[in-house]
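Chain by chain, the residues run as shown.
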Amino acid sequence: MTLYVVPAEALVPGLILSTFLFTFQVLVYSLMSIAMPRSGGDYVIISRALHPFLGFISSWNWFIWLAFWFAFGGYTFSSVALSTMFLTLGLVTGNPSLVSIGDMLAEPIPALIVGTLIMLAFLVMTSFGLGRFIKIQLITFIIGFIGILIGAVYLALCDPKTYAETLNRLISQYAGTSDPYNAIINAAKGLGWGPERVYGYTAEHLIKVLPAAYLAVPWTMGTVFIAGEVSQPKRAQLIGGIGGLAFIGGLTVILAFLLEKAMGIEFFSAFSYLFYNPPQGLSIPIKPYFNTLAFLIIENPLLNIWANLGFIFLGWMYMAQNLLNDSRLLFAWSFDRLIPEKFAEVSERFKSPIYALLTVFIIAEVFLFAIIFVPELQVISSIMALSFSVIIMSLAAIFFPYRKRDLFERSGISWRVAGIPLISLLGLASLIVNLISNYYWITDPNYGAINDISVMAMLLVIIVGILIYVLGIYRLKRRGIEPSKIYTELPPV
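Residues numbered from 1 in each chain as written. Predicted model: local features only at pLDDT ≥ 70, side-chain atom pairs only at ≥ 80, totals over all residues. Heavy atoms only, no water.

Draft legend 1. Representation of the overall build of the protein. If you tally the helices and strands in the protein, you get 21 helices and two strands. Relative to the compact-globule value of 23 Å for 493 residues, the protein shows a C-alpha radius of gyration of 23 Å, a close match. Overall, the C-alpha framework of the protein stretches about 75 × 50 × 40 Å when taken along its three principal axes. Within the span of the protein, comprising 493 residues, buried residues form 56% of the whole. Summarising the internal contacts of the protein: among those between residues at least 6 apart in sequence, 81% fall at separations of at least 24. Of the roughly 20,500 Å² of accessible surface on the protein, 68% is carried by carbon and sulfur atoms. (Helix = DSSP H or I, 4+ residues; strand = E, 2+ residues; numbered from the N terminus. Rg over C-alpha atoms; globule rule 2.2 N^0.38 Å. Buried < 20%, exposed > 50% of the residue type's maximum accessible area, 1.4 Å probe, protein only. Contact = heavy atoms within 4.5 Å. Areas by Shrake-Rupley, 256 points an atom, 1.4 Å probe, with all protein chains shown as cover.)

Shown next as structure tokens:
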């Protein structure tokens, strides 16, 4: 995506700038969750700091699109992760059967079956409580990091000449040419790709990396959804948020740099261009995904498997996090009695909200069908939709010290810069960063954020959220409960 909107030379410095800019919104979420360390994400924070309606709409938006991403993870687990693992392993071992399995896993029906199974696996994993999940997450992180490190070492030791020789040897029989490396570059040139897509960039090009980087880098705010369930929330939120951002942003920058160095920046750009402009007469058995491009040069089968499994473990644990986060939103709404109290029930056996988890799984399964059979529902549109919630949270941070002065003063984040609350300044910076991203999503069609189905989906989510909130308030009043009293104080920890 990034190389389709900016010259390839802008990728690495643009990712560095994006990681720095994302610091503002991650700090907003971390600090606001320190001020109000309650599970339920931005619902509790915004409803108390800004307005209950905005708190529900923002959290509802999170709820739907996190369920979407849970489903998208299930889809790509088969179509990208497992497919690439069998494909690269088949290519490096010269086994056509493994290549065929890789191709098959990218087909709709296998992706639906595997996606459903992996979603069920994460449902079971998260049903045993947060403590056990954190232990599993730590183990998978270690395995995943070692796997990515293996790939990084191979990339660091590779140069474009070696990469071209390896690529040509492994895929020439599938591409129908003895020199696929240069055939890819020439095919891209024939379709309009040129040096301007590789060399030279402006300050605006660096900024235009931001909306594409939004897809992967800044999502370390997830700890805000479970803030009430961790010990030492102040330390946990800052380390989880900023430490996570530094790790993910830094790793993304390093891997992008190593890919360009190992493959050659022109080939990297040309191959990415062909992903959006498929060539005629040239069969390419691989796609320009990171795991395909990086692990293709790992010709030791055992290390290839470990690298691929590492990529899977490190890249797909967010599915469990999304499932947990959404269940906590349902719990928080139920606790405030906006929705039936059943969703707030915690299983005595499993120590987790089973009904909430099952609800998220069912919604995600519907999304899985939509993702597979309605490809116009672009992933980037869901990211654009989530930025709407970040904008509301940024506004809550700006006005929090003024609307809830007493709570702010005893919050532990009552720091000021030149007399202005630091959280307000961070909220303003986060707001500006998100408005810039939205400007490019809306005005540049190359990001793929604007199409009829995606826009309708984003609007429908908001409309349904408004209806649920209105019905919830009506339900409270019918039961003789004054809604304003619910949001006067924070819920108990």
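Draft legend 2. View of the pattern of salt bridges. Applying the stated criterion to the full structure yields four salt bridges. Of the charged contacts in the structure, one is a salt bridge between Asp336 and Arg48, with a shortest N-O distance of 3.2 Å. Placement of the pair is Asp336 in the loop between helix H15 (318-335) and helix H16 (354-373) and Arg48 in helix H3 (residues 42-49), with a sequence separation of 288 residues. Here Asp336 matches Arg48 in class, with each residue buried. Glu409 is paired through a salt bridge with Arg416; the nearest N and O atoms lie 2.9 Å apart. (Salt bridge = Lys/Arg side-chain N within 4 Å of Asp/Glu carboxyl O.)

Draft legend 3. Here's a closer look at helix H8 (residues 160-175). With 16 residues, H8 should cover 22 Å at 1.5 Å per step; its first-to-last C-alpha distance of 19 Å lies more than 12% under that length. At Arg169, H8 shows its maximal bend, which comes to roughly 40°. Those residues of H8 that fall on the buried side of the exposure criterion are Tyr163, Ala164, Thr166, Leu167, Asn168, Leu170, Ile171 and Ala175. For H8, the capping residue at the N-terminal end is Asp159, with a side-chain oxygen 3.1 Å from the backbone nitrogen of Lys161. Gly176, located one to two residues past H8, shows a positive phi value of around 75°. (Expected span 1.5 Å × (residues − 1). Bend = angle between axes of the 7 residues up to and from the residue. Polar contact = N/O pair within 3.5 Å; in protein donor to acceptor, adjacent residues only side chain to side chain.)

Draft legend 4. Focus on a nonpolar patch on the surface. A surface patch of nonpolar side chains, amounting to about 840 Å² of accessible area, comprises Leu138, Phe141, Ile142, Phe145, Ile146, Leu149, Val153, Leu157 and Trp306. At seven residues, helix H7 (residues 130-156) tops the list of elements feeding residues into the nonpolar patch. Mapped onto the secondary structure, Ile146 falls in helix H7. For Ile146, a relative accessible area of 34% translates into the label partly exposed. (Patch = residues over 30% accessible without salt bridge, like charges linked within 9 Å, V, L, I, M, F, W, Y side chains within 5 Å.)

Draft legend 5. Just the side chain of Asn438, in detail. You can see Asn438 is positioned in helix H19 (residues 422-443). Looking at Asn438, the relative accessible area reads 13%, which means it is buried.

Draft legend 6. Examining the confidence of the model for the protein more closely. Of all residues in the protein, 94% have pLDDT values of 70 or greater, and the mean over the chain is 86. Confidence, read as mean pLDDT per element, is least for helix H21 (residues 483-486) in the protein (74) and greatest for strand S2 (residues 420-421) (95). (pLDDT = per-residue confidence, 0-100.)

Draft legend 7. Local environment of unusual backbone geometry. We note that Arg337 has phi near 65°; this positive angle belongs to a residue other than glycine. Relative to the assigned elements, Arg337 resides in the loop between H15 and H16. Of note in the backbone geometry, Ala418 takes a positive phi value of approximately 55° without being a glycine. Tracing the chain through its elements places Ala418 in the loop between strand S1 (416-417) and S2. Among the residues examined, Ala418 registers a relative accessible area of 81% and is labelled exposed.

Draft legend 8. The side chain of Ser424, seen in detail. Relative to the elements of secondary structure, Ser424 occurs in helix H19. Of the residues examined, Ser424 reaches a relative accessible area of 7% and is grouped as buried. A polar side-chain atom of Ser424 sits 2.8 Å from the main-chain carbonyl oxygen of Ile398. Not counting residues up to four positions away in its chain, the partners in contact with Ser424 are Ala397, Ile398, Pro401 and Tyr402.

Draft legend 9. Representation of the packing of helix H4 (residues 52-93) against helix H14 (residues 301-316). At a closest axis distance of 10 Å, the pairing of H4 and H14 adopts a crossing angle of 170°. Overall, the two elements H4 and H14 adopt an arrangement that is roughly antiparallel. Of the residues in H14, those in contact with Gly73, Thr76, Phe77, Ala81, Leu82, Thr84, Met85, Thr88, Leu89, Val92 and Thr93 of H4 are Pro301, Asn304, Ile305, Asn308, Leu309, Ile312 and Trp316. (Axes fitted to C-alpha atoms, helices over the stretch in contact; angles between N-to-C directions. Parallel < 35°, antiparallel > 145°, perpendicular 65-115°, else oblique.)

Draft legend 10. Region of interest: the packing of aromatic side chains. All chains considered together, the criterion is met by 35 aromatic pairs. Where Phe275 meets Tyr276, the ring centres are 5.2 Å apart and the plane angle is 90°; that geometry is what we call edge-to-face. One aromatic cluster is present, formed by Trp65, Phe68, Trp69, Phe72, Tyr75, Tyr318 and Phe367 through successive ring pairs. Above the face of the Tyr4 ring, Arg197 is positioned so that its terminal group lies 4.9 Å from the ring centre. (Phe/Tyr/Trp six-rings, centres within 6.5 Å; stacked < 30°, edge-to-face > 60°. Lys NZ or Arg CZ within 6 Å of the ring centre and 35° of its normal.)

Draft legend 11. Spatial organisation of the environment of Leu338. Checked against the element boundaries, Leu338 lands in the loop between H15 and H16. The exposure class assigned to Leu338 is buried, which follows from its relative accessible area of 5%. Sequence separation between Leu338 and Asn61 is 277 residues, and the spatial gap between their C-alpha atoms is 16 Å.

Draft legend 12. A look at the environment of Asp179. Within the secondary structure layout, Asp179 lies in the loop between H8 and helix H9 (180-190). For Asp179, a relative accessible area of 26% corresponds to the partly exposed category. Along the backbone, Asp179 and Asn168 are eleven residues apart, and their C-alpha atoms lie at a distance of 5.4 Å. A distance of 3.0 Å separates polar atoms of two side chains, one belonging to Asp179 and the other to Asn168.

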